[in-house]
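Listed below, chain by chain, are the residues.
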Protein chains: 2
Amino acid sequence: MSRPVVVDSVAALRAQIRDWRRDGLRVAMVPTMGALHDGHISLVRIALEKADRCVVSIFVNPTQFAPTEDLDKYPRQLAHDLDRLKVAKADLAFTPTVGEMYPAGFATKISVGGPSAGLESDFRPTFFDGVATVVAKLFLQATPDCAIFGEKDYQQLCVVRQLCRDLDLPVEIIGAPTIRDAHGLAMSSRNAYLGEAELKIARQLNVILRDTAVALTAGADQGDATAEASRALVAAGFRKVDYVEARESLTLAPWRRDREGRVLAAAWLGKTRLIDNLDVRSN
Amino acid sequence: MSRPVVVDSVAALRAQIRDWRRDGLRVAMVPTMGALHDGHISLVRIALEKADRCVVSIFVNPTQFAPTEDLDKYPRQLAHDLDRLKVAKADLAFTPTVGEMYPAGFATKISVGGPSAGLESDFRPTFFDGVATVVAKLFLQATPDCAIFGEKDYQQLCVVRQLCRDLDLPVEIIGAPTIRDAHGLAMSSRNAYLGEAELKIARQLNVILRDTAVALTAGADQGDATAEASRALVAAGFRKVDYVEARESLTLAPWRRDREGRVLAAAWLGKTRLIDNLDVRSN
């Protein structure tokens with residue numbers, strides 16, 4: 001059988017997973033919106049270390065985009081994605097239509113509090129409702145034993161953990177390190193929007209975040225360090241900085257120096273919004 | 001082993017259900033808030049017809065009560081409930097604490113649209129969020145094949161169906177007929193609040209709803225028939241009528257005469273709020 005098997009209905013997904021379960025196999029899931037890059041492929045690799053079978057969902061979820069956002073132009077390249085999944089030895093690609101995920105009359109929303117507060121939510125107020133709802137659906141459709149999420153979307157990772165804990169979804173959530181290019185730029189499907197000149201600026205985001213993390217670890221004042229980071233981003237050529245903030249790694253509560261921390265940022269290059277984050281050592 | 005087995009942790013619940021699954025047994029669930037009466041027992045009977053094992057949850061869910069409502073005085077009588085479940089041959093009683101269901105830091109809410117609009121929601125605006133969230137949790141904890149809900153809480157039954165459909169919760173929802181006393185009064189844990197005089201008035205609710213259903217079936221104007229029902233309820237001694245409305249049986253959209261309908265009402269006797277509903281034949 002050629003891999004990955006591609007299914008676009010929940011019924012076919014469940015039938016395949018039922019067969020695997022019957023054989024006693026452990027199933028891992030990697031939810032994606034497609035436009036797969038090395039970051040996604042690293043998640044597939046981890047999935048196959050943690051389980052016998054890897055399901056990758058490819059679904060550009062409309063409910064996590066605001067009307068003003070890039071839903072229509074978000075890159076869609078299924079043939080390329082399937083090629084990459086074949087090389088990565090993923091077992092199944094689940095490629096539902098919008099109608100399969102949200103049939104006529106669909107009317108339910110999951111809102112996760114806690115780690116969803118602030119950061120992305122200040123700028124994308126309905127984003128995490130969309131993420132939580134679609135992730136819960138995917139988990140209930142595929143019933144994986146574990147699921148892999150990249151630390152690149154760090155707040156999302158925390159929200160998904162909270163979702164599973166709160167709703168008793170029996171899925172182990174595994175966070176995976178951000179994959180970066182040779183210049184440290186975090187892999188993102190949205191990097192495809194960047195021209196050459198923008199790409200050069202984009203590569204300063206991780207450099208400035210690393211400086212900030214080092215300064216915070218060394219004892220710099222949080223307000224000073226993050227304000228300095230914002231200034232540096234603008235000086236580097238970013239059009240606008242949505243936030244640079246230090247938070248507690250586990251809860252995303254405001255960072256206290258004696259806890260593991262994370263410095264997170266979102267900034268704009270032209271019409272492209274980039275995010276990144278790095279850990280801050282407690283001391 | 002004495003039945004029902006009583007467990008108060010999710011871990012113990014899951015262990016028992018895992019054992020049953022290993023034996024190939026089908027599991028039905030009856031979610032309740034305790035204070036079990038003949039209505040609940042009828043749900044257990046149906047559960048045991050539909051499945052090999054019946055789990056009854058007993059949990060007075062704080063998130064479905066508004067601060068002004070009767071959470072504190074809601075009847076709690078576990079020993080009596082367990083006696084009734086023993087006679088009814090329920091297999092397992094799940095009696096979690098509030099802390100087991102909502103540990104510190106709990107922060108997730110499920111909102112179901114569609115059938116939740118109007119009726120109860122106009123008077124208990126956060127009620128169905130509380131119901132949907134706790135039912136989803138119970139289903140994810142117990143993973144039943146089916147669950148039985150009484151038609152007494154008709155809008156709740158519709159909301160739970162929508163919840164399962166929208167979130168791909170693989171639980172078959174079975175609606176069960178309302179159980180009534182010799183006077184037609186729908187069984188309800190809240191009937192325990194009623195004194196003798198109030199009980200006599202309460203028994204008019206189903207009589208007036210039946211008159212309304214008959215009038216609607218015979219072709220009466222909806223607005224006239226429901227207004228007449230409200231007047232009759234007040235004349236019978238009800239202190240206040242929250243609503244009397246005709247809705248489509250399946251969707252709870254406004255009733256159209258060519259569809260199966262349901263007439264639903266909520267009214268107050270002193271501090272006690274009663275609800276009931278009956279079907280209206282399409283014609």
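What counts, and at which threshold
Residues numbered from 1 in each chain as written. Chains lettered and ligands numbered in written order. Predicted model: local features only at pLDDT ≥ 70, side-chain atom pairs only at ≥ 80, totals over all residues. Heavy atoms only, no water. UniProt positions renumbered as here; feature names shortened; annotations may be inferred. Helix = DSSP H or I, 4+ residues; strand = E, 2+ residues; numbered from the N terminus. Contact = heavy atoms within 4.5 Å. Polar contact = N/O pair within 3.5 Å; in protein donor to acceptor, adjacent residues only side chain to side chain. Buried < 20%, exposed > 50% of the residue type's maximum accessible area, 1.4 Å probe, protein only. Least-squares fit on C-alpha atoms with pLDDT ≥ 70 in both. Domains from an automatic or database assignment. Buried area = accessible area lost by both parts, 1.4 Å probe. Salt bridge = Lys/Arg side-chain N within 4 Å of Asp/Glu carboxyl O. Nonpolar A, V, L, I, M, F, W, Y, C, P; charged D, E, K, R; others polar.

Let us look at the UniProt feature "binding site: (R)-pantoate" (unreviewed entry) in chain A. Residues and elements named next belong to chain A. What UniProt calls "binding site: (R)-pantoate" (unreviewed entry) maps, in this numbering, to Gln-64 and Gln-156. In three dimensions, the annotated residues from a span of 93 residues occupy one location, with a maximal C-alpha spread of 11.5 Å. Structurally, the position occupied by Gln-64 is in the loop between β3 (53–58) and α3 (78–88). Those residues in contact with Gln-64 that lie beyond four places of it in its chain are Met-33, Glu-69, Arg-124, Phe-127, Gly-130, Val-131 and Val-134. Reaching out from Gln-64, the side chain makes a polar contact with the side chain of Asn-61 at a distance of 2.9 Å. Inspection of the secondary structure puts Gln-156 in helix α7 (residues 154–167). Residue class for Gln-156 comes out buried when judged on its relative accessible area of 15%. Once residues lying within four places of it in the same chain are set aside, the contact partners of Gln-156 are Phe-127, Phe-128, Val-131 and Phe-149.

Let's shift gears to the relation of the copies chain B and chain A. Rotating chain B by 180 degrees and moving it 0.0 Å along the rotation axis overlays it on chain A with an RMSD of 0.0 Å. The transformation relating the two chain copies, once decomposed into turn and shift, fits a two-fold axis. Distance from the rotation axis, computed per C-alpha, reaches its smallest value in chain B at Ile110(B): 2.2 Å. Of the residues that chain B buries at the interface, 100% are likewise interface residues in chain A, meaning the two copies contact each other through the same surface.

Our focus in this paragraph is the domain arrangement of chain A. Residue and element names in this part refer to chain A. Domain boundaries assigned for chain A yield domain 1 (5–176) and domain 2 (189–278). Each of domain 1 and domain 2 has a C-alpha centre, and the two are 26 Å apart. With 22 residues of domain 1 at the contact, the number on the domain 2 side is 17 residues. Between domain 1 and domain 2, a total of about 1,800 Å² is buried, with carbon and sulfur atoms accounting for 52% of that surface. On the surface where domain 1 and domain 2 come into contact, there are three salt bridges. The salt bridge partner of Glu-120 is Arg-273, with a shortest N-O separation of 2.8 Å. At the boundary of domain 1 with domain 2, the tally comes to ten residue pairs in polar contact (both at pLDDT 80 or more). For the side of domain 1 that touches domain 2, the secondary structure elements donating two or more residues are α5 (120–123) and α7. In terms of residue count, the dominant contributor to the side of domain 1 that touches domain 2 is α7 (three residues). Here the residues of the side of domain 1 that touches domain 2 sort into ten nonpolar, five polar and seven charged.

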